[in-house]
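Read off the chains here:
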Amino acid sequence: ELKVEQNPLFLSMQEGKNYTIYCNYSTTSDRLYWYRQDPGKSLESLFVLLSNGAVKQEGRLMASLDTKARLSTLHITAAVHDLSATYFCAVDEDRTYKYIFGTGTRLKVLA
Amino acid sequence: DAGVTQSPTHLIKTRGQHVTLRCSPISGHKSVSWYQQVLGQGPQFIFQYYEKEERGRGNFPDRFSARQFPNYSSELNVNALLLGDSALYLCASSHGPAGGDTQYFGPGTRLTVL
């Protein structure tokens with residue numbers, strides 16, 4: 001069964017600092033997604049990564065995918081308070097149309 | 001353009017009852033997926049429908065069923081409700097089958113089972 005694990009589960013960081021969230025998955029897939037969820041709200045799509053070596057950047061966030069290592073990273077550069085949220089990665093299990101979400105990383109950026 | 005809409009927003013039921021949740025996808029989207037999100041956890045995949053056919057099913061009991069209508073809207077039905085069914089139910093739509101396609105999520109329906 002496909003498992004998707006994120007670490008850390010909780011992250012408290014100072015404004016202006018850099019940090020990386022890791023997403024590991026247990027089976028073959030070359031499609032990985034990152035979402036953001038604010039408290040009490042729905043999920044917002046951040047990145048869609050569709051091949052080995054894919055890298056996408058939006059503002060202070062950059063996501064990458066290494067399908068051989070079954071690892072994706074979400075890098076935060078010079079964090080600001082507005083980035084405080086829970087971040088989920090999700091993997092699209094090959095040929096099953098099943099999305100499996102990770103455990104989530106709750107990020108709090110302190111002023 | 002309107003995003004994904006879901007109804008109702010909140011719902012309170014008692015154990016053993018039945019519930020129907022509704023979802024309207026973004027115009028032009030033919031795929032709808034359903035997820036259950038328990039507080040503090042990630043969403044759990046329940047179903048995916050594309051062109052009115054079931055394309056994927058998660059590890060949920062047969063009490064959970066769904067369908068997609070000709071206008072691509074969808075219903076999720078849950079029979080014989082249990083306390084553990086209390087959760088946020090999310091609907092997501094995409095252009096094609098979810099594989100490789102961005103899914104856009106609705107605001108969710110908060111179900112409380114007493």
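Numbering of residues begins from 1 in every chain and follows the order in which that chain's sequence is written. Starting at A for chains and at 1 for ligands, labels are handed out in the order in which the entities are written. It should be noted that, the model being predicted, local features are given only for residues of pLDDT at least 70 and side-chain atom pairs only at 80 or more, the latter also being counted only at that level, while totals for whole chains, interfaces and linings use all residues. Working from all heavy atoms in the structure, the side-chain values ignore hydrogens and water.

(A) Broad picture of the overall build of chain B. The helix and strand labels rest on DSSP assignments: H or I over at least four residues marks a helix, E over at least two residues marks a strand, and numbering proceeds from the N terminus. Broken down by element type, chain B carries zero helices and eleven strands. In terms of C-alpha radius of gyration, chain B reaches 13 Å, essentially the compact-globule figure of 13 Å for 114 residues. Here chain B holds 114 residues, and the buried ones make up 52% of them. We call two residues in contact when some of their heavy atoms are within 4.5 Å. Considering only contacts within chain B whose residues lie at least 6 apart along the sequence, 54% involve residues at least 24 apart. Accessibility throughout is a Shrake-Rupley quantity obtained with a 1.4 Å probe, and a residue counts as covered only by protein chains that appear here. By element, 50% of the accessible surface of chain B is carried by carbon and sulfur atoms, the whole surface being about 5200 Å². Computing the positive centroid from 10 side-chain charges and the negative centroid from 8, chain B places the two 7 Å apart. Every radius of gyration here is taken over C-alpha atoms, with the globule rule written as 2.2 Å times N^0.38, N being the number of residues. Relative accessibility under 20% of the residue-type maximum defines a buried residue, over 50% an exposed one, and the middle range a partly exposed one, all with a 1.4 Å probe and only protein chains included. Within this scheme the basic residues Lys and Arg register as positive and the acidic residues Asp and Glu register as negative, but His and the chain ends are omitted. A single reference atom marks each charge: NZ on Lys, CZ on Arg, CG on Asp, CD on Glu.

(B) Structural context of the interface of chain B and chain A. On the side of chain A, 19 residues touch chain B, which itself brings 24 residues to the contact. When two parts are put together, the accessible area they lose, computed with a 1.4 Å probe and summed over both, is reported as buried area. Of the roughly 1600 Å² buried between chain B and chain A on both sides combined, carbon and sulfur atoms contribute 55%. We define a salt bridge as a contact between a side-chain nitrogen of Lys or Arg and a carboxyl oxygen of Asp or Glu at a distance within 4 Å. In this assembly, chain B and chain A are joined by zero salt bridges. Polar contacts here mean pairs of N or O atoms no more than 3.5 Å apart (in protein, one a potential hydrogen donor and the other a potential acceptor; neighbouring residues in sequence count only if both atoms are side-chain atoms). Summed over the shared surface of chain B and chain A, the number is two residue pairs in polar contact (both at pLDDT 80 or more). Listing elements by their share of the side of chain B that touches chain A, those giving two or more residues are strand E4 (31-37), strand E5 (44-50), strand E6 (53-57) and strand E9 (87-94) of chain B. Of the residues forming the side of chain B that touches chain A, the biggest block, three residues, is contributed by E6(B). All residues other than Ala, Val, Leu, Ile, Met, Phe, Trp, Tyr, Cys, Pro, Asp, Glu, Lys and Arg, Gly among them, are scored as polar; the first ten of these are nonpolar and the last four charged. Among the residues forming the side of chain B that touches chain A, the class breakdown is nine nonpolar, twelve polar and three charged.

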